Amino acid sequence: MNPTLTDKVILITGASAGIGRATAVALAQSEANVVLIARRQERLDMLVDELAAYPGQRLALAGDVGDEAFAQMAVAQTLTTFGRLDVLINNAGLGHRSHLTDMPATDMRRLWDTNVMGLLHFTQAAIPTMKQQGGGHIINISSIISQRPLPHMGLYCASKTAVNFISRALRMELRPYHIRVTVVYPGRTQSEFGNALLGEKGANPTRLARVSADRVAHAIVKAIATGKIEVYITWTDWLFTHGNRLFPRGTDWLVERIAAQRTARHRAN
Ligand SMILES: NC(=O)c1ccc[n+]([C@@H]2O[C@H](COP(=O)([O-])OP(=O)(O)OC[C@H]3O[C@@H](n4cnc5c(N)ncnc54)[C@H](OP(=O)(O)O)[C@@H]3O)[C@@H](O)[C@H]2O)c1
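Just so it is clear, the structure is predicted and the values come from calculations on it, not from any experiment.

A. Focus on the overall build of the protein chain. Tallying secondary structure elements over the protein chain gives nine helices and nine strands in all. Relative to a compact globule of 269 residues, whose C-alpha radius of gyration would be 18 Å, the protein chain shows 18 Å and is just as compact. Expressed as lengths along the three principal axes of its C-alpha atoms, the size of the protein chain is roughly 55 × 40 × 35 Å. Counting all 269 residues of the protein chain, 52% fall into the buried class. Of all intrachain contacts in the protein chain linking residues separated by at least 6 positions in sequence, the fraction that spans at least 24 positions is 72%. Of the accessible surface of the protein chain, which amounts to about 12,900 Å², a share of 55% is contributed by carbon and sulfur atoms.

B. Expanded view of the nonpolar core. Of all hydrophobic cores here, the largest spans 35 residues; its most connected members are Ile10, Leu27, Leu36, Ile89, Ile139, Ile220 and Ile224. Of all the secondary structure elements, the ones that give two or more residues to this core are strand E1 (9–13), helix H1 (18–29), strand E2 (33–38), helix H2 (41–51), strand E4 (87–90), strand E6 (136–141) and helix H7 (213–226). For this core, the leading source of residues is H7, giving eight residues. When near neighbours in sequence (up to four residues on either side) are disregarded, Ile10 contacts Leu5, Leu27, Ala32, Asn33, Val34, Val35, Val87, Ile89 and Ile224. Grouped together as the second largest cluster of nonpolar side chains are 30 residues, Val35, Ala74, Phe82 and Ala125 included.

C. Examining the pattern of salt bridges more closely. A full pass over the atoms with the stated rule returns seven salt bridges. Notably, a salt bridge pairs Arg84 with Asp86, separated by 2.7 Å at the nearest N-O pair. Assessed through its relative accessible area of 9%, Asp86 is described here as buried. Here Arg168 and Glu230 are joined by a salt bridge, their closest N and O atoms 3.8 Å apart. Linking Arg168 in helix H5 (residues 154–174) with Glu230 in strand E9 (residues 230–232), this pair joins segments that are 62 residues apart in sequence. Under the relative-accessibility criterion, Glu230 is labelled partly exposed at 22%. Salt bridges sharing common partners tie together Arg40, Arg43 and Glu192.

D. View of the sheet that holds strand E7 (residues 179–185). If you trace the seven strands from one edge of the open sheet to the other, you get E3-E2-E1-E4-E6-E7-E9, paired in parallel fashion. The outermost strands of the open sheet, each flanked by one partner alone, are strand E3 (58–62) and E9. Averaged over all pairs of adjacent strands, the angle between their axes in this sheet comes to 15°, without regard to strand direction. Sheet topology places E7 next to E9; three bridges connect them, and they run parallel. Counterpart to Val183 in the pairing with E9 is Glu230. Across the sheet, helix H4 (residues 105–133) is in contact with E1, E2, E4, E6 and E7; its angle to E4 comes to roughly 175°.

E. View of the site of the ligand. In the neighbourhood of the ligand, 28 residues make up the surrounding shell, with Arg39, Arg40, Asn91, Tyr156 and Ser191 lying closest. Arg39 places a side-chain nitrogen or oxygen 2.7 Å from an oxygen atom of the ligand. At a separation of 2.6 Å, an oxygen atom of the ligand approaches a polar side-chain atom of Ser191. Protein burial of the ligand: of its 880 Å² of free accessible surface, 95% is covered by the chains. Secondary structure elements with two or more residues in the shell around the ligand: H1 and H5. Each residue belonging to the shell around the ligand can be placed in one class, and the counts come to 10 nonpolar, 12 polar and six charged.

F. Up close: H2. Buried residues of H2: Leu44, Leu47 and Leu51, and no others. Take H2 and look down its axis: the buried residues cluster within an arc of 60°, on one side only. Exposed and facing more than 90 degrees away from the buried side of H2 are Met46 and Asp49. Those residues of H2 hidden inside the fold are in contact with H1, E2 and E3.

Scoring rules and cut-offs
Residues numbered from 1 in each chain as written. Predicted model: local features only at pLDDT ≥ 70, side-chain atom pairs only at ≥ 80, totals over all residues. Heavy atoms only, no water. Helix = DSSP H or I, 4+ residues; strand = E, 2+ residues; numbered from the N terminus. Rg over C-alpha atoms; globule rule 2.2 N^0.38 Å. Buried < 20%, exposed > 50% of the residue type's maximum accessible area, 1.4 Å probe, protein only. Contact = heavy atoms within 4.5 Å. Areas by Shrake-Rupley, 256 points an atom, 1.4 Å probe, with all protein chains shown as cover. Core = buried A, V, L, I, M, F, W, Y, C linked by side-chain atoms within 4.5 Å. Salt bridge = Lys/Arg side-chain N within 4 Å of Asp/Glu carboxyl O. Pairing = 2+ DSSP bridges. Axes fitted to C-alpha atoms, helices over the stretch in contact; angles between N-to-C directions. Near = heavy atom within 4 Å. Polar contact = N/O pair within 3.5 Å; in protein donor to acceptor, adjacent residues only side chain to side chain. Nonpolar A, V, L, I, M, F, W, Y, C, P; charged D, E, K, R; others polar. Arc of directions from axis to C-beta.

Structural measurements only, silent on function.
Listed below in structure tokens is the structure:
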């Protein structure tokens, strides 16, 4: 059961699919006013129609999070419509599956612009309003592989490590203004992430279980109510992260096995 968030104004990026879409639904079920951001306008419009069944208002704004002017415009539109912004969820993200040495520079820039610059643009756009209001909450969606890179996903993992470090620095900078910063570390999740990948497309052919986007969404919505600063979705995600710090060689062995399994299954498909 999700907490009640009546009258809260929450902006979420990457709302047209996967974790962002599931979170937008959970927020609407919690009676929040939600600003939905993604590039695909028609997907957002359909979602607005679907969410009309729940209390609260929705605003859909289509654009690229990597565009600083769009981020400023989206926050300005939020204030015009709702008069405040309580929570920013930086969720839009893009992965890749390719050797770093083969990755075209255009793909590298696109990934970084989405995963890191997009988060920074929206955060910078939201902070003056949150300071003026006397508080707010920024939730950044990272990944468990921000803590330990996987082969063929090196730049994605690095972008999520950047998300962690930016979030931790922001948490200290924004504490005097009562603006909380939470980092969420999902593991493998059912979404459109595999289809949107740069490089080799398709689902990751390992046997690792995937959790539902609804489960991640529930953890995100719960973090708004509890103010928890670091959120793991499953105990195995937590174990992977902390085990990696305590037993780096064992984690190397595990990650290499997973990578070998993935390569073998991919060749067989
Ligand atoms: N799925 C997993 O296994 C997993 C695991 C750990 C962390 N994560 C993280 O969770 C977040 C959500 O991923 P997901 O799995 O839900 O992926 P997804 O199903 O592919 O959804 C990605 C969302 O981001 C939006 N987006 C992508 N690039 C954008 C851009 N430049 N500007 C605006 N919106 C953009 C997409 O919408 P448009 O295409 O309409 O713009 C879509 O709504 C990401 O940050 C991802 O790194 C995912």
